Amino acid sequence: MAGTPSSARPLSPHLQIWRFTVTMAASITQRGTGVANFAGVALIAAWLFAVAQGPAFFAPVGALLTSPIGGVVLAGFIWSLCFHMLNGLRYLYWDSGRGFKPATARATGWAVYVGSVALAALIVFAGLAARGGA
Amino acid sequence: MSKKGTSTFVLQRASAVVLIPLAVWFLISLVAHAGDSFAEMQAWLSKPTTSIPFAALVVIGAYHGRIGLEEVIVDYIHSWMKTVFLTLSWIAALGVMGLAAWSVYQLSFAG
């Protein structure tokens, strides 16, 4: 991108020298979960399609949903959506021009990690409680 | 995002806000119905009160997701491959939307 440096000045060392910050981790996780959620939405569409086609199409999907692998994918998708949602709310708060003090941004970053696990657990409990009902 | 940055910025956030209640509802329903038999699942998904929010989740989710994919693509890919990936992101998003819309039509509205 920069081409041949015109002098021997050192280049920005941004890819070699960094230290962990939770704001950085949350930013990377937001992208990772975002891409994962897109794949999840594609799976939802495939699931809908399988149900619409009939029992023969649905059989492997239903088997996957109740298998251990399906459980792991399901749990991962639930957490991924929860994280993206809570961190997205953090970004909406930032859009209002607030929350940028380093201490605040770090605190909300940790809160999103902890909160995403709590929210995911809450959703699983609510879903299990609604089983057979809704 | 060139030349349409502001509208993309606004639509990304508007779709995000709409997706919050849809995603919470969807995730709880997903856990509740993961163990359903085919007949139970078909009966549940055929109700328009299920299938319409379901389709909205997929359509708005794929729309929101495509904006995000574009951000990631333009950040990391600078060669001619960028156009290829951006085109693929549109094909994937529109394909997912079409699949969900067609499925919901079949489930709730066709004979």
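To be clear, the structure that these remarks concern was listed above.
(A) How the structure looks around the overall build of chain A. Counting secondary structure elements, chain A contains 4 helices and 0 strands. When the elements of chain A are put in sequence order from the N terminus, they spell out α-α-α-α. Out of the 134 residues in chain A, the part that is buried amounts to 33%. For chain A, the share of sequence-separated contacts (at least 6 apart) that also reach a separation of at least 24 residues comes to 74%.

(B) A look at the packing of helix H3 (residues 48-76) of chain B against helix H4 (residues 81-109) of chain B. Interhelical geometry of H3(B) versus H4(B) gives an angle of 180° and a closest axis separation of 9 Å. By the angle between their directions, the pair H3(B) and H4(B) is classed as roughly antiparallel.

(C) Molecular detail of the pattern of salt bridges. Tallied over the entire structure, the rule returns 3 salt bridges over all chains. For Asp95(A), the salt bridge is made with Arg13(B), and the minimal N-O distance between the two is 2.4 Å. With Asp95(A) in helix H3 (residues 68-95) and Arg13(B) in helix H1 (residues 5-33), this residue pair bridges two chains.

(D) Looking closely at the interface of chain B and chain A. Contacts between the two partners involve 43 residues from chain B and, on the opposite side, 37 residues from chain A. The three residues of chain B that bury the most area against chain A are Leu27(B), Val31(B) and Phe38(B), which together make up 19% of that side's buried surface. There are 2 salt bridges connecting chain B and chain A. Where chain B meets chain A, there are 5 residue pairs in polar contact (both at pLDDT 80 or more). Secondary structure elements with two or more residues in the side of chain B that touches chain A: H1, helix H2 (38-46), H3 and H4 of chain B. Here the side of chain B that touches chain A gets 13 residues from one element, more than from any other, and that element is H1(B). When its residues are assigned to classes, the side of chain B that touches chain A shows 31 nonpolar, 7 polar and 5 charged.

(E) Just a nonpolar patch on the surface, in detail. All names here are of chain B. Together, Trp80, Val84, Phe85, Leu88 and Ile91 make up an exposed nonpolar region whose accessible area comes to about 520 Å². Considering the arrangement of structural elements, one finds Ile91 in helix H4. Ile91 sits in the exposed class, given a relative accessible area of 55%.

(F) Expanded view of the nonpolar core. Counting 42 residues, the largest nonpolar core has Trp47(A) and Phe26(B) as its most contacted members. Those elements that provide at least two residues to this core are helix H1 (22-53), helix H2 (55-66), H3 and helix H4 (102-130) of chain A together with H1, H2, H3 and H4 of chain B. Broken down by element, the residue count for this core peaks at 8 residues, all from H1(A). Discounting chain neighbours no more than four positions away, the residues touching Phe26(B) are Ile44(A), Trp47(A), Phe77(A), Phe54(B) and Leu57(B).

(G) A look at the side chain of His64(B). Residue placement: His64(B) occurs in helix H3. The exposure class of His64(B) is buried, given its relative accessible area of 16%. Separated by 3.1 Å, the side chain of His64(B) and the backbone oxygen of Gln12(B) make a polar contact. Setting aside its immediate chain neighbours within four residues, His64(B) contacts His84(A), Gln12(B), Ser15(B), Ala16(B) and Leu19(B).

(H) Molecular detail of H2(B). Along H2(B), the positions that sit buried rather than exposed are Phe38(B), Met41(B), Trp44(B) and Leu45(B). Taken around the axis of H2(B), the buried residues stretch over an arc of 135°, which confines them to a single face. On the buried face of H2(B), the contacting elements are H1 and H2 of chain A together with H1, H3 and H4 of chain B.

(I) Broad picture of the side chain of Ser51(B). By the element assignment, Ser51(B) lies in helix H3. Ser51(B) sits in the buried class, given a relative accessible area of 0%.

(J) Inspection of the packing of aromatic side chains at higher detail. Tallied over the entire structure, the rule returns 13 aromatic pairs over all chains. These aromatic residues form a ring-pair network of at least three members: Trp47(A), Phe77(A), Trp25(B), Phe26(B), Trp44(B) and Phe54(B). For the cation-ring pair, Arg13(B) lies above Phe9(B), with the distance from its terminal atom to the ring centre recorded as 3.5 Å. Its end group placed over the ring of Trp90(B), Arg66(B) keeps NZ or CZ at 3.8 Å from the ring centre.

Cut-off values and rules
Residues numbered from 1 in each chain as written. Chains lettered and ligands numbered in written order. Predicted model: local features only at pLDDT ≥ 70, side-chain atom pairs only at ≥ 80, totals over all residues. Heavy atoms only, no water. Helix = DSSP H or I, 4+ residues; strand = E, 2+ residues; numbered from the N terminus. Buried < 20%, exposed > 50% of the residue type's maximum accessible area, 1.4 Å probe, protein only. Contact = heavy atoms within 4.5 Å. Axes fitted to C-alpha atoms, helices over the stretch in contact; angles between N-to-C directions. Parallel < 35°, antiparallel > 145°, perpendicular 65-115°, else oblique. Salt bridge = Lys/Arg side-chain N within 4 Å of Asp/Glu carboxyl O. Buried area = accessible area lost by both parts, 1.4 Å probe. Polar contact = N/O pair within 3.5 Å; in protein donor to acceptor, adjacent residues only side chain to side chain. Nonpolar A, V, L, I, M, F, W, Y, C, P; charged D, E, K, R; others polar. Patch = residues over 30% accessible without salt bridge, like charges linked within 9 Å, V, L, I, M, F, W, Y side chains within 5 Å. Areas by Shrake-Rupley, 256 points an atom, 1.4 Å probe, with all protein chains shown as cover. Core = buried A, V, L, I, M, F, W, Y, C linked by side-chain atoms within 4.5 Å. Arc of directions from axis to C-beta. Phe/Tyr/Trp six-rings, centres within 6.5 Å; stacked < 30°, edge-to-face > 60°. Lys NZ or Arg CZ within 6 Å of the ring centre and 35° of its normal.

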